[in-house]
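Fold and contact review
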Amino acid sequence: MDTATAPLAAPPAPRGVIRRLQSRQGRENPFPLFEEIRDAGPVVSLGPHALLVTGYTECLQILTDRIWHVPDHTWRAGRGLDTDGMSARVLNTLPRLNPPLHSRVRRLQTGAFTSAALERLRPTVRLLVRAHLDRLDAELTEHGHADFIDTVARALPVAVMSEILGLPTEDRALIARYSLQTAALTEPFAAPAQLAAADAAAAEFHPYIETLLGERAGTPGTDLMSQWLQLERPSSERFPHEELAAHIVFLVGAGAETTSSLFATAVLAFEKHPDQARWLAAHPEALPQAIEELTRWDPSVQNAVRVPSEDTTLGGIPVPAGTLVHASLAAANRDSAYFTDPHTLDFQRPPQRSLAFGAGVHYCLGAPLARLNASEFLPEFLRRFPTLRSDGPATRAPGLNLRTFVALPVTRRPRSAVTH
Ligand code: HEM
């Protein structure tokens, strides 16, 4: 029996686990399900060709060991999977490239996203935070309720990414819509209808960015799009606009959907854990560790996928080369073998390395930007909206990879009902 058809040696995942994770309840609170999966073992099989990993040590191994690759163009082609069309353009962006190409492309993009480079952006981010919270304030005053996602959570990161890239201010609502609609392209278990909708949005978003690139090539500015237009390959050619557009489309989605989810998660967490919100408001110096704890506790990106380039073992289980392995970063971040009392949100938790931003060569390029956005947003939000509470259930997009929110209705509690 060849390795492509031999059953995987890992214990099977509990029955219907993907369907249960995709259910409304599973998306709202996947953590009890992760524990049920972990009870079967840190590495379980999802049928004959795929594994799901919930153990912290095993996830870290997959992310950092050089034999583990992302499923790229070649891997997909080898399995007869689609490598053409709009949605396949994601295959040319960082998270779907392997070294050495990945290292070359990443080097070109890193400069703009270092903490030092981003520090220059802090005053702009501060102004954008204030403007978006002013909008929230105005909506709550006028209507008594607002949608936190539309007003702040998605709009704010889109505004920041637009400033960095030089995207037109008047198009931010359109860009926010594209960002939400194309999010399904990174989903490993997306339904055909979701993929078709994401594909249709990508078919508008890519040409939109290519048109902007064409305009900017004629009248360069100081923005990142203009800088990238000047980049050259080792062969001295400029990058085709189509390729640059794919990177920009990915960056907008990666920056907006993840940060939006972080903001919404924080707002819900403050409501459910007023003691933590109170403590953080009184200890602004603890902000960096609070951001790490929020992202550990409920990370915006829940999964990473990898395939081993050679036969290997994981948690003592043989894994044939080419097996698709889903590393559950969200489950790993709640692994009691690594974190003490992992289900508790504790802003005073001693620093430990969570996998919220991944690890290894694909470690999140935008982590410094996410931290900058959060470090400006969280204290201002806590100061100005101590009485904000949800006004109905949050709606999440039907994905397992990104914790994308579609809506989060909010209102103000009467001051008399406030305990912090
Ligand atoms: C709370 C916010 C964020 C979280 C939790 C997050 C999480 C992650 C994770 C887990 C990965 C690794 C995926 C893997 O190993 O397969 C990743 C990669 C990436 N992220 Fe983020 N991200 C966030 C914000 C951002 C922002 C703001 C940007 C935009 C600048 C960004 C851009 C990227 C890029 C370009 C990659 C691919 C890096 C590579 O493959 O070399 N992310 N992110």
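A brief look at the structure comes next.

The rules we used
Residues numbered from 1 in each chain as written. Predicted model: local features only at pLDDT ≥ 70, side-chain atom pairs only at ≥ 80, totals over all residues. Heavy atoms only, no water. Helix = DSSP H or I, 4+ residues; strand = E, 2+ residues; numbered from the N terminus. Buried < 20%, exposed > 50% of the residue type's maximum accessible area, 1.4 Å probe, protein only. Contact = heavy atoms within 4.5 Å. Areas by Shrake-Rupley, 256 points an atom, 1.4 Å probe, with all protein chains shown as cover. Lys, Arg positive; Asp, Glu negative; His and termini not counted. Charge placed at Lys NZ, Arg CZ, Asp CG, Glu CD. Near = heavy atom within 4 Å. Polar contact = N/O pair within 3.5 Å; in protein donor to acceptor, adjacent residues only side chain to side chain. Nonpolar A, V, L, I, M, F, W, Y, C, P; charged D, E, K, R; others polar. Donors = N, O, S within 2.8 Å, 3.2 Å for Na, K, Ca; no water. Pairing = 2+ DSSP bridges. Axes fitted to C-alpha atoms, helices over the stretch in contact; angles between N-to-C directions. Parallel < 35°, antiparallel > 145°, perpendicular 65-115°, else oblique. Left-handed = near helix turned anticlockwise from the far one by under 90°. Salt bridge = Lys/Arg side-chain N within 4 Å of Asp/Glu carboxyl O. Phe/Tyr/Trp six-rings, centres within 6.5 Å; stacked < 30°, edge-to-face > 60°. Arc of directions from axis to C-beta.

We now examine the overall build of the chain. Scanning the chain from terminus to terminus reveals 18 helices and 12 strands. Across its three principal axes, the chain shows a C-alpha extent of roughly 70 × 55 × 40 Å. Split into buried and exposed, the 420 residues of the chain put 53% on the buried side. Partitioning the intrachain contacts of the chain with sequence separation of at least 6 by distance along the chain shows that 70% fall at a separation of at least 24. Surface summary for the chain: the accessible area is close to 18,300 Å², and the carbon and sulfur share equals 55%. Positive and negative charge centroids in the chain, built from 41 and 45 side chains respectively, lie 3 Å apart.

Residues in contact with the ligand amount to 27 residues; listed here are only the nearest, His102, Arg106, Arg306, His362 and Cys364. In this structure, Pro95 approaches the ligand through a main-chain N or O atom, which is 3.4 Å from an oxygen atom. Within the residue set of the shell around the ligand, elements represented by two or more residues are helix 6 (101-110), helix 14 (241-272), strand 5 (303-308) and helix 18 (367-384). Per-element accounting of the shell around the ligand gives the leading share, seven residues, to helix 14. Grouping the amino acids of the shell around the ligand by side-chain chemistry returns 17 nonpolar, eight polar and two charged.

Looking at the protein side alone, the iron atom of the ligand has one donor only, Cys364 (SG), at 2.3 Å. Summarising the element assignment, Cys364 is placed in the loop between helix 17 (329-332) and helix 18.

Spatial strand order, 4-12-9: three strands in an open sheet with antiparallel pairing. Both outer strands of the open sheet, strand 4 (145-147) and strand 9 (388-390), are each paired with one neighbouring strand and no more. Neighbour-to-neighbour, the strand axes of the sheet open up by a mean angle of 35°, direction not taken into account.

What follows concerns the sheet that holds strand 8 (residues 324-328). Strand order in the open sheet formed by five strands is 1-2-8-5-3, with mixed pairing between adjacent strands. Of all the strands in the sheet, the pair left with one neighbour each is strand 1 (43-45) and strand 3 (68-69). The sheet contacts of helix 4 (residues 56-64) involve strand 1, strand 2 (50-53), strand 3, strand 5 and strand 8, and relative to strand 8 the element is tilted by about 125°.

Here we take up the packing of helix 12 (residues 192-218) against helix 14. Any two packed helices are characterised by how steeply their axes cross, that is the angle between the axes, and by the distance between the axes. Between helix 12 and helix 14, the least distance of the axes is 9 Å, while the angle of their chain directions is 120°. Relative to helix 14, the element helix 12 lies oblique. Read as a crossing pair, helix 12 and helix 14 show a hand that is right-handed. Along the contact surface, helix 12 presents Phe205, His206, Ile209, Glu210, Leu213, Gly214 and Ala217, while helix 14 presents His241, Glu242, Leu244, Ala245, Ala246, Ile248, Val249 and Val252. In terms of residue class, the contact of helix 12 with helix 14 is made up of 10 nonpolar, three polar and two charged.

Attention shifts here to the packing of helix 14 against helix 15 (residues 274-282). Running from N to C, helix 14 and helix 15 cross one another at 110°; their axes reach a closest spacing of 5 Å. Comparing the axis directions of helix 14 and helix 15 gives the class roughly perpendicular. Residues Phe270, Glu271 and Lys272 of helix 14 form the contact with helix 15, whose participating residues are Pro274, Ala277 and Leu280. Classifying every residue of the contact of helix 14 with helix 15 gives four nonpolar, no polar and two charged.

Applying the stated rule across the entire model yields 18 salt bridges. Here Arg38 makes a salt bridge to Glu35, at a shortest N to O gap of 2.8 Å. Of the two residues, Arg38 and Glu35 are both situated in helix 3 (residues 31-40); the distance of three residues between them amounts to about one turn of the helix. Given the relative accessible area of 14%, Arg38 is considered buried. Relative accessible area serves as the criterion here: at 24%, Glu35 is assigned to the partly exposed category. Here Asp137 and Arg412 are joined by a salt bridge, their closest N and O atoms 2.4 Å apart. Taken as a pair, Asp137 in helix 8 (residues 122-143) and Arg412 in strand 12 (residues 409-412) lie far apart in primary sequence, 275 residues in all. Judged by relative accessible area, which is 26%, Asp137 ranks as partly exposed. The network of salt bridges with common partners includes Glu119, Arg122, Arg126 and Glu376.

Right, let's talk about the packing of aromatic side chains for a bit. The tally for this structure, following the rule as stated, stands at 15 aromatic pairs. When the centroid spacing of 6.4 Å and the interplanar angle of 80° are considered together, the rings of Phe270 and Phe347 count as edge-to-face. Of this pair, Phe270 sits in helix 14 while Phe347 sits in the loop between helix 17 and helix 18, and the two are 77 residues apart along the sequence. Assigned by exposure class, Phe270 and Phe347 land together as buried. When the centroid spacing of 5.4 Å and the interplanar angle of 25° are considered together, the rings of Phe377 and Phe381 count as stacked.

Here we take up helix 4. Every buried residue of helix 4 is accounted for by Tyr56, Glu58, Cys59, Ile62 and Leu63. Buried residues of helix 4, viewed axially, fall in a sector of 165°; they line one side.

Any functional reading would require information that these geometric values do not contain.
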